[in-house]
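Commentary on secondary and tertiary structure
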Amino acid sequence: MTTIVTVLGGCLVIAVVLSMTATVTLNSQRNTTDNRLGLEAQYAAESALARAQAQVDLYARSLNSVVIPQGTQQSSILTQLGAVCGLASAVTLPLNIFNLPVAGQKLCTVPVLTGNALDNQLAFFRNNVAKPAGMSDDAWKTYWRNMFGGKDTVLLAKTTAAPSTATGTLKTEVKGGGLTMTEVRVYPDNTLRVLLKSHPVISGTTLESGGKVIAQRTYSAGSVQSREIKVSQPPFSEYQYFVNRRTLPTGNRLIFWDEDTFEGRVHANGAFNRTAPLFYATAANKGPRFLGKYTSTSTGLEYSPNSPSKPDASTMFKGGYQLGVPAVALPSNANDQRLAAAGVQAGECTTTTALCLAAKFGAASVTNGIIKNGVYFSSGTATASNAGSGFGSDGTGGIYVKGNVDDLKLSKNGNFQRIEIVQGIKTTTFEQTGPTSWRVKEGNTVIKTMTNSTFNGMVFVDGAIGDQNTMGSKGLRGDGADTPDVAAESQLTVAASGDIFIKDNLTYTDNAKDKPNSSNVLGVYSEGGNIKVNGPANRDITIDGTLMASATGKGFGTVNYNTRTGGTPPPKINLTGGIIEEQSQGVGVVGPPNTGYSRNFKWDDRLAKGLTPPFFPTQGQYEATPNFARLSDPQNFRAEKQR
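Residues numbered from 1 in each chain as written. Predicted model: local features only at pLDDT ≥ 70, side-chain atom pairs only at ≥ 80, totals over all residues. Heavy atoms only, no water.

The next thing to look at is the overall build of the chain. Counting its regular elements, the chain contains eight helices and 39 strands. With the C-alpha coordinates of the chain rotated into their principal frame, the extents come out at 135 × 65 × 60 Å. Across the 643 residues that make up the chain, the buried fraction comes to 52%. Counting contacts in the chain only where the partners sit at least 6 residues apart, residues at least 24 apart contribute 72% of the total. A total accessible area of about 29,200 Å² is found for the chain, and carbon and sulfur atoms account for 51% of it. In the chain, 59 positive and 48 negative side-chain charges are present, and the distance between their average locations comes to 4 Å. (Helix = DSSP H or I, 4+ residues; strand = E, 2+ residues; numbered from the N terminus. Buried < 20%, exposed > 50% of the residue type's maximum accessible area, 1.4 Å probe, protein only. Contact = heavy atoms within 4.5 Å. Areas by Shrake-Rupley, 256 points an atom, 1.4 Å probe, with all protein chains shown as cover. Lys, Arg positive; Asp, Glu negative; His and termini not counted. Charge placed at Lys NZ, Arg CZ, Asp CG, Glu CD.)

See below:
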């Protein structure tokens, strides 16, 4: 019995072991099968996702290729954006663009359209991107419809395919990745923006057998992100240096010298072998350095005949370069700045500039159709000029001065701005006392207080500012002390029809180096004259701002640059900002006896990031600036569902 029990017990153990082994084997086989089925679905989903991502990135390349054709007028841009908004006419700009909040103002909400209406809505994009060769118009329209299909875009339709094994049927679909437009906005820098959203790409695959789902995998890439296309006329302040003719008035060609360094963008109009700049280098690894992009209408690089070496372009142009580009035209007048100073809003002046100014200032300011010399800042009446309660007719104008100005001094009134204008025996002072409050004085007498009145930052002098005779006195200048001259929140453009003589330091409260997100900025613009430094004798001068002289034969320089004797070393111009000039005027001559000034020019890179002085001249040509990196955003790849 003992033997029988022992044998039966052993058999039972063997049976249990065999049963367990069979169960483990079956489970292992089942897991192996499940893993194989899951991998089939996974590989199909991932493969489809990769194909869809390539399509979405093709969309991004198309959007980044939007180019506004040369010569496109504002009316055409506004009509095209009206169609984006589903309107039958152009979008309407507000009158006080330059006093809008930083967040801008919504012009319209973009509706969801279909069919021919959608094609018309997308014409702004479709017509401003080159159509691939061989693609029909209908196919091109379909391409853009798919691109703007939003989260429900079908990038890869559900497919049914016989697998290479008898496992089952794979069905794969990829959706999303499309764009949706939300609204069109305008901003105080006169930039228009079409706001969009991009959507994630979602790929799903099911493996079916016998009418049942036996494996499923879903993966996604990307996320909902805000995008935009900016449409603007870029301001000239985006250049650290711009020159139409790199020659002195004498005709001598000027040189970019060895070790000259430009951190920002540089552009030179000018003809090869005549008015384009020359380059000078002491060795093959030397020469001037351009850290921002360099562009020129010249078809080649020309070196000074005395240059010991001719380095490769790659040595000098660290920020990239392009030769033979179209010329960028300088503005022919400063009428926009005149009207802005008077508070005349965009589109408000439908006659001549002179008539619009006379109507704005009132009959009391006009004699025989000509505005009398004086300082104007408020709208007028038939019996009194400056009768209004704020800057311009609606409290959003600037300061307009008729006639030459002896002295224009910028300084601070506590944390706010002070602007002092001396014209003959009359001194007019504008003191900011709060964010929207000002006090105006003639001499020591307060003649007007203004509350809830926004100064738009424009000061225009229909005449010259200062003269060249006295060094360091009477002209455009700061307070003459080491304290800042432009308040932390001030954005100013000082423009004149004639010469502007800078007599002393002009400095920011918050400089770009110490506070890169600061907003104070200064532009100085001469419509018909030069901008010349004539500071205190044998003393460095510091200027924060962008200087522009656009008339033929005019530019930036120093008074008597080649005869005035400097010290040893010569005094220095420390300029942080930019210079835009039609023709160079000369700053100084290096070598005994030192004359004029030496240069220490730095770039304010805030100007490359959208900051610009108010009403600073623009380049006339519209450009589109999309911000579409890879729409597929592969770093956000993730598994959503598996079975």
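What follows covers helix 5 (residues 137-147). Regarding helix 5, the residues found buried are Trp140, Tyr143, Trp144 and Met147. The buried residues of helix 5 occupy an angular sector of 90 degrees when the element is viewed end-on, so they sit on one face. (Arc of directions from axis to C-beta.)

On to the environment of Thr142. By the element assignment, Thr142 lies in helix 5. Sequence separation between Thr142 and Asp119 is 23 residues, and the spatial gap between their C-alpha atoms is 8.7 Å.

On the secondary structure map, Asn456 appears in the loop between strand 25 (445-450) and strand 26 (458-462). A residue is classified by how much of its surface remains accessible, and Asn456, at 6% relative accessible area, is buried. Taking the C-alpha atoms as reference, Asn456 lies 9.3 Å from Gly392; in sequence the two are 64 residues apart. A polar side-chain atom of Asn456 sits 2.9 Å from the main-chain carbonyl oxygen of Ala340. A polar atom in the side chain of Asn456 sits 3.0 Å from the backbone nitrogen of Met458. (Polar contact = N/O pair within 3.5 Å; in protein donor to acceptor, adjacent residues only side chain to side chain.)

On to the nonpolar core, then. Counting residues in each nonpolar core, the largest one holds 59 residues, and the members touching the most others are Ile399, Leu408, Ile419, Phe430 and Ile573. Here this core gets four residues from one element, more than from any other, and that element is strand 32 (residues 541-549). Other than its neighbours up to four places away in sequence, Ile399 contacts Ala341, Val375, Tyr376, Phe391, Ile419, Ile421, Phe430, Phe455, Met458, Val459 and Phe460. In terms of nonpolar packing, the next biggest core, distinct from the first, is built from 49 residues, Leu49, Ala60, Trp140 and Val184 among them. (Core = buried A, V, L, I, M, F, W, Y, C linked by side-chain atoms within 4.5 Å.)

Once that is clear, we can look at helix 7 (residues 335-342). Here helix 7 lies mainly inside the structure; six of its eight residues are buried. Taken together, the buried positions of helix 7 are Gln337, Arg338, Leu339, Ala340, Ala341 and Ala342. On its buried side, helix 7 packs onto helix 8 (353-361), strand 20 (399-402), strand 26 and strand 30 (521-526). Phi for Gly343, located one or two positions after helix 7, is positive at around 85 degrees.

What follows deals with the packing of helix 7 against helix 8. One can describe the packing of helix 7 onto helix 8 by two numbers: an axis separation of 10 Å at closest approach and a directional angle of 10 degrees. With respect to helix 8, the element helix 7 is oriented roughly parallel. Packed against helix 7, whose contacting residues are Asn335, Arg338, Leu339 and Ala342, the element helix 8 presents Thr353, Cys356, Leu357, Lys360 and Phe361 at the interface. Partitioned by chemical class, the residues of the contact of helix 7 with helix 8 number five nonpolar, two polar and two charged. (Axes fitted to C-alpha atoms, helices over the stretch in contact; angles between N-to-C directions. Parallel < 35°, antiparallel > 145°, perpendicular 65-115°, else oblique. Nonpolar A, V, L, I, M, F, W, Y, C, P; charged D, E, K, R; others polar.)

Turning next to unusual backbone geometry. Of note in this structure, Glu259 is not a glycine but carries a positive phi near 75 degrees. Take Glu259: it is sitting in the loop between strand 10 (255-256) and strand 11 (261-262). Overall, Glu259 belongs to the partly exposed group, its relative accessible area being 43%. A positive phi angle, near 55 degrees, is found at Asn452, a position not held by glycine. Considering the arrangement of structural elements, one finds Asn452 in the loop between strand 25 and strand 26. Using a relative accessible area of 68% as the deciding quantity, one classes Asn452 as exposed.

What follows deals with the state of the cysteines. Tallied over the entire structure, the rule returns two disulfides. Here Cys85 engages in a disulfide with Cys108; their sulfurs sit 1.6 Å apart. Of the two residues, Cys85 is situated in the loop between helix 2 (74-84) and strand 1 (105-109) and Cys108 in strand 1; the sequence distance between them amounts to 23 residues. Its relative accessible area of 5% is what places Cys85 among the buried residues. There is a disulfide in this structure between Cys349 and Cys356, and the S-S distance comes to 1.9 Å. (Disulfide = S-S within 2.5 Å.)

Spatial strand order, 1-4-5-8-38: five strands in an open sheet with antiparallel pairing. Each end of this open sheet is capped by a strand with a single partner; those strands are strand 1 and strand 38 (623-626). Pairs of neighbouring strands in the sheet enclose a mean axial angle of 25 degrees, with direction left out of account. One ladder, built from seven bridges, connects strand 4 (residues 179-186) with strand 5 (residues 192-198); its direction is antiparallel. Directly across from Leu179, in strand 5, lies its bridge partner Ser198. The strands that helix 2 touches are strand 4, strand 5 and strand 8 (225-232); relative to strand 5, the one it contacts most, it runs at about 30 degrees. (Pairing = 2+ DSSP bridges.)

Let us now look at the side chain of Ser490. Its place among the elements puts Ser490 in the loop between strand 27 (476-477) and strand 28 (491-496). With relative accessibility at 6%, the residue Ser490 sits in the buried group. Among all residues touching Ser490, those that are not within four sequence positions of it are Gln417, Ser519, Asn520 and Val521.

To continue, consider the side chain of Ser237. Among the structural elements, Ser237 can be located in the loop between strand 8 and strand 9 (239-245). A relative accessible area of 0% means that Ser237 is categorised as buried. Contacts of Ser237, omitting those with residues within four sequence positions, involve Thr546, Trp603, Leu607, Leu611, Thr612, Pro613 and Phe616.

Nothing here speaks to function; it is geometry throughout.
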